[in-house]
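# Coordinate inspection notes
If you want the building blocks of each chain, they are given just below.
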Protein chains: 2
Amino acid sequence: MGLRERKKEKTRLAILDAALDLFLEQGYDSTTVEQIAGSVDISPRTFFRYFSSKDSLVLWFHDHGEEIITETLRSRPPGEPPFTSMVHGMRAVLGDMQGSTPQDAERFLKLRRVLDDQPRLVGLSVARGAETERRLAAEVAARRGVDPADDRVSHLVVAIAMAAVRVGFECPHKDEPDLGEVVEQMGETITLVESMLRPGWDVQDAREPADPREAPDV
Amino acid sequence: MGLRERKKEKTRLAILDAALDLFLEQGYDSTTVEQIAGSVDISPRTFFRYFSSKDSLVLWFHDHGEEIITETLRSRPPGEPPFTSMVHGMRAVLGDMQGSTPQDAERFLKLRRVLDDQPRLVGLSVARGAETERRLAAEVAARRGVDPADDRVSHLVVAIAMAAVRVGFECPHKDEPDLGEVVEQMGETITLVESMLRPGWDVQDAREPADPREAPDV
DNA sequence: GCGACTTCTGTCACAATGTGACACGACGAT
DNA sequence: ATCGTCGTGTCACATTGTGACAGAAGTCGC
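Here's a quick rundown of the structure. (Residues numbered from 1 in each chain as written. Chains lettered and ligands numbered in written order. Predicted model: local features only at pLDDT ≥ 70, side-chain atom pairs only at ≥ 80, totals over all residues. Heavy atoms only, no water.)

This paragraph deals with a negative patch on the surface. All names here are of chain A. Residues D116, D117, D175 and E176 make up a contiguous surface patch of negative charge. Of note, E176 is situated in the loop between α8 (152-170) and α9 (179-196). Classification of E176 as exposed rests on a relative accessible area of 58%. (Patch = residues over 30% accessible without salt bridge, like charges linked within 9 Å, V, L, I, M, F, W, Y side chains within 5 Å. Areas by Shrake-Rupley, 256 points an atom, 1.4 Å probe, with all protein chains shown as cover. Salt bridge = Lys/Arg side-chain N within 4 Å of Asp/Glu carboxyl O. Lys, Arg positive; Asp, Glu negative; His and termini not counted. Charge placed at Lys NZ, Arg CZ, Asp CG, Glu CD. Helix = DSSP H or I, 4+ residues; strand = E, 2+ residues; numbered from the N terminus. Buried < 20%, exposed > 50% of the residue type's maximum accessible area, 1.4 Å probe, protein only.)

What follows is the structure, encoded as structure tokens:
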């Protein structure tokens, strides 16, 4: 790995950290890209070469999580019920968080505080999630052997799973929890949503429009 | 109802219709506020007095739906399981859509085509949904008699319900369905999500702080 | 109809985000 | 050492969105 790439990664993290600190200090909206760029001695133009927008600063966590879930989905056994696979993916994200460096943990907690102040930013993350959802739904549909285009079940699997993660993320008992507490809470929410669902609901009608007479009541 | 208010409503709809047509014609991003304003002979500044942003043009449907659901929630019997109440709210939205004027139906279908081209805009609607979710969750939590701040079940009730509506909205079999087909599909998705959930999952632990003996006299 | 009052609208100025073009300098391979 | 690639800064610019102010249009009382 050359000097170039190391420097790039360093700059990227420097921007991220500077931005998070500024956001916490003076609010997200009151912080301009110019300020962020200034505090790490780069030009605003360069900022946009590292992050496609100011908003995308707060999406790195989401994007990272999506990667992990996608990888997990690909590695799960083919016959597994899709919601079970999604749960494994989400728990993989939690595992990754637990194994993260102290620096990353701090970034995560700072991000969480920023999002807490700005519901709009949570929405942003959810918005990105809607696009993610299409990709993951396609992945799930492929596993179920149905056409992704009009398979509601796959979409619902993903949508419900993501809703669970989000609720767990957003809904803390304490104002400034540590990483372990957030992870625990997200895990509990995943367990909760599992217990809410009727077992086996997602394995039944995977085989095409079979015989209408035996169409499961799902 | 003075001339003023009628004129205002007329302008508002004119802007909306002009914008939808321009979006369908040349794409959302390629359409500027200046163009929209120009095509209804108002200044861009005035445009922003009718719609707080270009994005908010595509949120009127969402906002209208939220109103209906909130009203429905308030009118449901107090003891009803929260998810059931949410389902009633969503079906009320579908009922409203079926009873809408031809003009409104056309607007809705145009909006749907615009959203279909721009996943980001769906995300936007979902983002607004995340804020909506907090309000509705508070409403649901109030009905359940628990503290809205840390009640995951209420959040999940709302999140799952909204996910169902969104999936039904987004996932059409046809490219250009008529209003009835979209409504039917959304209805089916609501039914589907109902069948996925374990009956009664949302009534059980509401009585957590209800036991008088345990109620701490803080 | 007339004047006073309120509300709506257009113009101007301006901030902030985001992009394209171009030149310069630092890195990397040979 | 040299050439090509890649990162960066500068400049110019489009677009969205806001504040301030003046004038036009609607509203109400006479």
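Right, let's talk about the interface of chain A and chain B for a bit. Taken together, the contacts link 41 residues of chain A with 39 residues of chain B. Both sides of the chain A and chain B interface together cover about 3600 Å² of buried area, and 64% of this is carbon and sulfur. In this structure, the connection of chain A to chain B is made through six salt bridges. One salt bridge connects R166 of chain B with E133 of chain A, and the closest N-O pair in it is separated by 2.8 Å. Put simply, chain A and chain B have 11 residue pairs in polar contact (both at pLDDT 80 or more) between them. Secondary-structure elements contributing two or more residues to the side of chain A that touches chain B are α7 (119-144), α8 and α9 of chain A. Residue composition of the side of chain A that touches chain B, grouped by class: 22 nonpolar, six polar and 13 charged. (Contact = heavy atoms within 4.5 Å. Buried area = accessible area lost by both parts, 1.4 Å probe. Polar contact = N/O pair within 3.5 Å; in protein donor to acceptor, adjacent residues only side chain to side chain. Nonpolar A, V, L, I, M, F, W, Y, C, P; charged D, E, K, R; others polar.)

Further remarks concern the protein's contact with DNA strand C. Around DNA strand C there are 21 residues in total, and K54 of chain A together with K8, T46, R49 and Y50 of chain B lie nearest to it. Between DNA strand C and K54 of chain A, the relevant distance is 2.7 Å, taken from a phosphate oxygen to a main-chain nitrogen or oxygen of the residue. When contributions to the surface near DNA strand C are tallied by element, the ones reaching two or more residues are α1 (3-26) and α3 (44-50) of chain A together with α1 (3-26) and α3 (44-50) of chain B. For the surface near DNA strand C, the leading source of residues is α3 of chain B, giving four residues. Of the residues in the surface near DNA strand C, the class split is five nonpolar, seven polar and nine charged. (Near = heavy atom within 4 Å.)

A separate point is the relation of the copies chain A and chain B. The two copies are related by a screw motion: chain A maps onto chain B through a turn of 180° and a shift of 0.0 Å along the axis, at an RMSD of 0.1 Å. Such a turn and shift between the copies fits a two-fold axis. Of all interface residues in chain A, 93% are interface residues in chain B too; the two copies therefore contact each other through one and the same surface. (Least-squares fit on C-alpha atoms with pLDDT ≥ 70 in both.)

Next up on the list: the pattern of salt bridges. All chains considered together, the criterion is met by 29 salt bridges over all chains. Of the charged contacts in the structure, one is a salt bridge between E170 of chain A and R134 of chain B, with a shortest N-O distance of 3.2 Å. One end of the pair, E170 of chain A, is in helix α8; the other, R134 of chain B, is in helix α7 (residues 119-144), on a second chain. For E170 of chain A, a relative accessible area of 13% puts it in the buried group. You can call R134 of chain B partly exposed: its relative accessible area is 31%. Sharing partners across several salt bridges, the network here consists of E133 and R134 of chain A together with R166 and E170 of chain B.

Further remarks concern the nonpolar core. Membership of the largest hydrophobic core comes to 121 residues, with the highest contact counts inside it found for L57 and F83 of chain A together with L57, F83 and M97 of chain B. Excluding residues that lie within four positions of it along the chain, L57 of chain B makes contacts with I15, L16, A19, F23, I36, F47 and F51 of chain B. (Core = buried A, V, L, I, M, F, W, Y, C linked by side-chain atoms within 4.5 Å.)

A separate point is helix α5 (residues 82-98) of chain B. Residue and element names in this part refer to chain B. Taking 1.5 Å of rise per residue, the 17 residues of α5 would be expected to cover 24 Å, and the 25 Å separating its terminal C-alpha atoms lies within 8% of that figure. Every buried residue of α5 is accounted for by P82, F83, S85, M86, V87, G89, M90, V93, L94 and M97. The inward-facing, buried residues of α5 contact α4 (60-75), α6 (102-117), α7, α8 (152-170) and α9 (179-196). (Expected span 1.5 Å × (residues − 1).)

Close to DNA strand D lie 22 residues, the nearest being K8, T46, R49 and Y50 of chain A together with K54 of chain B. Counted by atom, the contact set of DNA strand D within 4 Å of the protein is 59% sugar and phosphate. Between a base oxygen of DNA strand D and a side-chain N or O atom of R4 of chain A, the distance comes to 3.0 Å. Contact distances for DNA strand D include 2.7 Å between a phosphate oxygen and a side-chain N or O atom of K8 of chain A.

So, on to the packing of α6 of chain B against α7 of chain B. All names here are of chain B. Remark: α6 packs on α7, axes separated minimally by 5 Å, with the N-to-C direction vectors making an angle of 110°. Looking at the two axes, α6 sits roughly perpendicular to α7. Within the contact between the two elements, α6 uses V114, L115 and D117 and α7 uses P119, L121 and V122. The class makeup of the residues in the contact of α6 with α7 is five nonpolar, no polar and one charged. (Axes fitted to C-alpha atoms, helices over the stretch in contact; angles between N-to-C directions. Parallel < 35°, antiparallel > 145°, perpendicular 65-115°, else oblique.)

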